[in-house]
Amino acid sequence: MGFSGNATSSEGEAFVRHLNPALNHKVICAIDFGTSGTGYAYAFTKPFGEIDPRSEVFPNSPWPLDNSLGKTSTSIVFQNGNIKEFGTKATNFMATKVKASQRSEYQYFHNFKMQLFTEKTLNSHTLLRDETTGKTMTAVKVIGECLSHVKKAFVSQITLASHQITPSDVLWVVTVPAIWKDGAKKVMREAACLGGLINSMNSESLMLVLEPEAASMWCLKNQHIELKSGDNYIIVDCGGGTVDVTYHEISKVGNSEQVKEVYPVSGGDWGSTAIDKRFFSLIKNIFGDEMYSELLNDSKNYLRFCEEWEKMKCSFDKEEEMSINLPRKLADKS
């Protein structure tokens, strides 16, 4: 079963499981580059038949400081313009190693992916801003370094498994929100080029695919959902940055069934990071600009506070009253 019409296909691990293997690549590496977290999965192509998701798809190895095979934080630290750390390691580095007097040496980017959606004029020169220091760096550079780090992790993992591959052997699949415009997708392709995934903008070794359609493929192929020709269904993909809504129909094409886009994708920047923005806006309103600025400059306490908030947000239960421990600077003023 495949997609037809205006749709393109898949997401991270879901896409790598079902891509038609009749391609000039030996291995597919699918990267789920999310607002909050990043991970990948890979599989070797087969001359015949579909890839078996239970035995022929391999997730990323555990990331440093992460306790599972899933995603690491989409965070990156630069020191004097050069990459220092990526992932949860980056956040941990800023929270434990960087003193307030050293903060100006570093640029820390986190939850930056959504700027590719909110920027009205997006191009190769679009800048991302470290909210603490005010220093900027191009989106292409930041994302490119993230993708480069993911590539290194993948190559290391596959090499340890005693597989020898060349750059031309790999088909890279990078997921993007369905509501992204062409400008954002172009920046992602440029970043993939800078990060070493491909060697030219027109390379056929990179596919940008839509996240909700990956969810659709995953559900249809792996969740034992029985749908027949003519059935319609809606996918609501609630992520860290965006919420995408897609409306699909199962249609008969010859002897096979395909998934057709019935209505153009819709959605917005309503992901879980929107809750973070409202919470920290509340903190800023309560304690004032000066105290909030001091908190931002205190990387250790600020990032620990962010972690505390994330835990509380994820465990939210409307039936129970919840509380959060304030950083000492704020607690002393309350």
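Bear in mind that the values here come from a model prediction, so they are computed numbers and not experimental data. (Residues numbered from 1 in each chain as written. Predicted model: local features only at pLDDT ≥ 70, side-chain atom pairs only at ≥ 80, totals over all residues. Heavy atoms only, no water.)

Participant: What exactly am I supposed to notice about the layout of surface pockets here?
Facilitator: Any space left empty among the atoms is revealed by the rolling of a water-sized probe across them. Approximately 1600 Å³ is the volume found for the largest pocket. If you list the elements that add at least two residues to the lining of the largest pocket, you get strand E5 (72–73), helix H2 (88–96), strand E8 (106–110), helix H3 (115–118), helix H7 (272–297) and helix H8 (299–314). It is H8 that contributes the most residues to the lining of the largest pocket, eleven residues altogether. Taken together, the residues of the lining of the largest pocket break down into 15 nonpolar, 16 polar and 14 charged. (1 Å grid on protein atoms, 1.4 Å probe; cavity = no way out; pocket = protein on both sides within 12 Å on 5 of 7 lines; lining within 4 Å. Points joined across faces, edges and corners; volume = space filled by probe spheres on them. Helix = DSSP H or I, 4+ residues; strand = E, 2+ residues; numbered from the N terminus. Nonpolar A, V, L, I, M, F, W, Y, C, P; charged D, E, K, R; others polar.)

Participant: When you look at H2 in this model, what are you seeing that I'm missing?
Facilitator: Since the α-helix packs 3.6 residues into each turn, any two residues three or four apart lie on the same face. When H2 is considered as a whole, its buried residues turn out to be Ala90, Phe93, Met94 and Ala95. Structurally, H2 contributes buried residues whose contacts are with strand E6 (75–79), strand E7 (82–86), E8 and H8. (Buried < 20%, exposed > 50% of the residue type's maximum accessible area, 1.4 Å probe, protein only. Contact = heavy atoms within 4.5 Å.)

Participant: Hey, could you run me through the packing of aromatic side chains in this one?
Facilitator: The relation between two aromatic rings is expressed through the spacing of the ring centres and the mutual angle of the planes. According to the stated counting rule, one finds 15 aromatic pairs in the structure shown. Where Tyr40 meets Phe154, the ring centres are 6.1 Å apart and the plane angle is 85°; that geometry is what we call edge-to-face. Taken together, the residues Tyr40 in strand E3 (residues 37–44) and Phe154 in helix H4 (residues 139–160) connect sequence positions 114 residues apart. For the pair Tyr40 and Phe154, a shared accessibility class is recorded, and that class is buried. Between Tyr42 and Phe44, the ring centres sit 6.1 Å apart and the planes meet at 85°, which makes this aromatic pair edge-to-face. (Phe/Tyr/Trp six-rings, centres within 6.5 Å; stacked < 30°, edge-to-face > 60°.)

Participant: Is there a simple way to explain unusual backbone geometry in this structure?
Facilitator: Leaving glycine aside, a negative phi is the common case for residues, and trans is the common case for peptide bonds. The backbone phi angle of Asn80 is positive, close to 50°, even though this residue is not glycine. Inspection of the secondary structure assignment puts Asn80 in the loop between E6 and E7. Judged by its relative accessible area of 60%, Asn80 is exposed. Of note in the backbone geometry, Asn111 takes a positive phi value of approximately 55° without being a glycine. Take Asn111: it is sitting in the loop between E8 and H3.

Participant: Help me out: how do you make sense of the nonpolar core in this one?
Facilitator: A general tendency of soluble globular proteins is for nonpolar side chains to be buried together. Judged by nonpolar contacts, the single largest core of 41 residues is most densely connected at Ile31, Phe33, Phe112, Leu116, Phe154 and Met188. For this core, the secondary structure elements donating two or more residues are strand E2 (27–33), E3, E6, H4, strand E11 (170–176), helix H5 (182–194) and strand E12 (206–210). At nine residues, the largest contribution of residues to this core is made by H4. Non-local contacts of Met188, meaning those with residues more than four positions away in its chain, are made with Phe33, Leu116, Ile143, Val174, Val176, Trp180 and Leu208. Membership of the second largest hydrophobic core comes to 22 residues, among which are Val77, Val98, Tyr108 and Met312. (Core = buried A, V, L, I, M, F, W, Y, C linked by side-chain atoms within 4.5 Å.)

Participant: I'm lost on the sheet that holds E7 in this one. Help?
Facilitator: Across a sheet, strands are paired by hydrogen bonds formed along the backbone, either parallel or antiparallel in direction. Spatially, E7-E6-E8 is the arrangement adopted by the three strands of the open sheet, whose pairing is antiparallel. Each of the sheet's edge strands pairs with one partner strand only, and the pair in question is E7 and E8. Going across the sheet, the axis of each strand differs from the next one's by a mean of 25°, ignoring polarity. Examined bridge by bridge, E6 and E8 share five bridges and lie antiparallel to one another. (Pairing = 2+ DSSP bridges. Axes fitted to C-alpha atoms, helices over the stretch in contact; angles between N-to-C directions.)

Participant: Looking at this structure, I do not really get the pairing of E11. What am I missing?
Facilitator: Regular strands place their side chains on alternate faces of the sheet. Among the seven residues that make up E11, seven are buried, leaving the element largely enclosed by the rest of the structure. Neither face of E11 is left uncovered, since the one carrying Val170, Trp172, Val174 and Val176 and the one carrying Leu171, Val173 and Thr175 both have all their residues buried. Here five bridges tie E2 to E11, and the two strands are oriented parallel to one another. Within E11, the residue paired with Ala30 across the bridge is Val173. One ladder, built from five bridges, connects E11 with E12; its direction is parallel. Bridging across to E12, Val173 finds its partner in Met207.

Participant: Is there a simple way to explain the pairing of E7 in this structure?
Facilitator: With four bridges joining them, E6 and E7 adopt antiparallel strand pairing. Its bridge partner lying in E7, Val77 is registered against Glu85. Following E6, the chain reverses through two residues before pairing antiparallel with E7; Asn80 in that reversal takes a positive phi of roughly 50°.

Participant: Would you mind showing me how to read the pattern of salt bridges here?
Facilitator: Pairing is possible between side chains of opposite charge, provided their charged atoms come close. One pass over the structure, following the stated rule, counts twelve salt bridges. Ionic pairing is found between Glu56 and Lys46, a salt bridge with its closest N-O pair at 3.4 Å. Residue Glu56 is located in the loop between E3 and strand E4 (58–59), and its partner Lys46 is located in the loop between E3 and E4; the two are separated by ten residues in the primary sequence. Exposure remark for Glu56: the relative accessible area of 25% places this residue in the partly exposed category. Glu249 is the partner of Lys260 in a salt bridge, and the nearest nitrogen-oxygen pair spans 4.0 Å. A residue pair is termed long-range when its members are at least 10 positions apart, and Lys260 in strand E15 (residues 256–268) and Glu249 in strand E14 (residues 243–253) qualify at eleven residues. In this structure Lys260 comes out as partly exposed when scored by relative accessible area, which is 34%. Counted as one network, the salt bridges with shared partners bring together Asp276, Glu310 and Lys313. (Salt bridge = Lys/Arg side-chain N within 4 Å of Asp/Glu carboxyl O.)

Take it as geometry only, folks, not as evidence of what the structure does.
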